[in-house]
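Notes for the structure review
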Amino acid sequence: MATTEVEVLRFDNLEQYLFVKNGNYLYKVPYHGGFAVLKVYWCSRGWFERISKTFDNIVIAGQTSFMPRARLRTEQQAMAIWREAGFRVFQIYENVRVEGIEEDGYALYEYVPGRHFHKLLPDESVPREERIRLFRQFLVEWHRRHRLAIDRREPRLIHENGDLKHVMDYNGELVWFDFEMCYRSRSHVEDLVAREILAYAKSIGDFMKGELFELFLNEMVEHYPDKDLLGHAYTVTFRNRNPVIRVGRNLEFLLRERAKRWNSKYNMALMIRDRLARLHGQGAASA
């Protein structure tokens, strides 16, 4: 019977390879003559915070667990689903053990030196035509994934932490990443799509202002293939089928200062609605 040999990696000073610290620890480590990303899910948060976040995720938000081992499993399961559906995600280096790190709380991934959209799209040193072309490529692929998620009733095809920081261009191919948490419900997946649309729209506002923001939000509205699905972002936000959520969100928009920020999800929903109305020659409507 054939056995799979486990490769053991040893780093005398792992901290010198620290790449990103965002709750998790990501290290850009030497691997097979190049680099790989060692992602350690044993994050900087304490156990109480992990348990509290897990409660919020599962009970309130309908998402998966925040615990380190669960986030690793969730991420790799989602990556397998995205890969099977034809979307480019990081390669997972299997059968690798890293000395000095607790098992089942880390993984070794492909290092991809791509251009992150949150830096690429606002970069005036990149020709505007190229940025628009890449964004339109993104919109087509984005919509294809949304359509698959709805048709398959597969919430793990939704980018729960979707924004411009978590997609990159690499040699003309879009690479998607960050799948530690996923939605769990297979009901009304189109609502989850709407939430992702709003998250990306808000991300455009986070990284672009003024004329550039207008350009890319208009590109989204004009070139996202399914205008009804795009418009559902407004419906989910202000006319949600759940009366408790509907009342709660409308009250939040009226009373909470954060909800009134120009690039809040609420104002993004209104901007998308108004641009769709103008696109169809109907003018802007009231909330």
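This report concerns the structure included in the present document.

Conventions we followed
Residues numbered from 1 in each chain as written. Predicted model: local features only at pLDDT ≥ 70, side-chain atom pairs only at ≥ 80, totals over all residues. Heavy atoms only, no water. Salt bridge = Lys/Arg side-chain N within 4 Å of Asp/Glu carboxyl O. Helix = DSSP H or I, 4+ residues; strand = E, 2+ residues; numbered from the N terminus. Buried < 20%, exposed > 50% of the residue type's maximum accessible area, 1.4 Å probe, protein only. Expected span 1.5 Å × (residues − 1). Axes fitted to C-alpha atoms, helices over the stretch in contact; angles between N-to-C directions. Parallel < 35°, antiparallel > 145°, perpendicular 65-115°, else oblique. Left-handed = near helix turned anticlockwise from the far one by under 90°. Contact = heavy atoms within 4.5 Å. Nonpolar A, V, L, I, M, F, W, Y, C, P; charged D, E, K, R; others polar. Pairing = 2+ DSSP bridges. Patch = residues over 30% accessible without salt bridge, like charges linked within 9 Å, V, L, I, M, F, W, Y side chains within 5 Å. Areas by Shrake-Rupley, 256 points an atom, 1.4 Å probe, with all protein chains shown as cover.

**Some details on the pattern of salt bridges**
What the rule picks out here adds up to 25 salt bridges. Two residues, Glu-173 and Arg-88, come together in a salt bridge whose shortest N-O distance is 3.4 Å. With a gap of 85 residues between them, Glu-173 in strand S10 (residues 173-176) and Arg-88 in the loop between helix H2 (68-84) and strand S5 (92-93) connect regions that are remote in the sequence. Here Glu-173 falls in the partly exposed class, since its relative accessible area comes to 39%. Residue Glu-214 pairs with Arg-275 through a salt bridge whose shortest N-O separation is 2.5 Å. Residue Glu-214 is located in helix H6 (residues 210-223), and its partner Arg-275 is located in helix H9 (residues 265-279); the two are separated by 61 residues in the primary sequence. Residue Glu-214 is classed as partly exposed on the basis of its relative accessible area of 34%.

**What to know about helix H4 (residues 128-152)**
Look at H4: 36 Å from first C-alpha to last across 25 residues, which is about the 36 Å you get at 1.5 Å a residue. Looking one or two residues beyond H4, the residue adopting positive phi is Arg-153, at roughly 50°.

**Describing the packing of helix H7 (residues 227-238) against H9**
Taken N-terminus to C-terminus, the directions of H7 and H9 make an angle of 140°; their axes are 9 Å apart at the nearest point. By the angle class used here, H7 and H9 are oblique. For the crossing formed where H7 meets H9, the hand is left-handed. Listed contacts from H9 to Lys-227, Leu-230, Gly-231, Ala-233, Tyr-234, Thr-237 and Phe-238 of H7 are Tyr-266, Ala-269, Leu-270, Ile-272, Arg-273, Leu-276 and Leu-279. Within the contact of H7 with H9, the residues separate by chemical class into ten nonpolar, two polar and two charged.

**Structural notes on the pairing of strand S7 (residues 106-110)**
Side chains on a regular strand alternate between the two faces of the sheet. Counting buried residues in S7 gives five out of five residues, a clear majority hidden from the surface. Relative to S7, strand S4 (residues 34-40) is paired through five bridges, and the arrangement is antiparallel. Following the sheet pairing, Ala-36 is matched in S7 by Glu-110. Inspection of the sheet shows S5 paired to S7 by two bridges, in the antiparallel sense. Within S7, the residue paired with Tyr-93 across the bridge is Leu-108.

**A word on the sheet that holds strand S3 (residues 25-31)**
Spatially, the five strands line up as an open sheet ordered S2-S3-S4-S7-S5, and their pairing is antiparallel. Of all the strands in the sheet, just strand S2 (18-21) and S5 have a single pairing partner and so form its edges. The pairing of S3 with S4 spans seven bridges and is antiparallel. Looking at S4, one finds that Val-29 is bridged to Ala-36. Contacts between H2 and the sheet are confined to S4, S5 and S7, with S7 contributing the most and set at about 30° to the helix.

**So, a nonpolar patch on the surface**
Together, Phe-55, Ile-58, Val-59 and Ile-60 make up a nonpolar patch on the protein surface, roughly 400 Å² of accessible area in all. Following the sequence through the fold, Phe-55 ends up in helix H1 (residues 47-61). Overall, Phe-55 belongs to the partly exposed group, its relative accessible area being 49%.

Distances and angles like these do not, on their own, reveal function.
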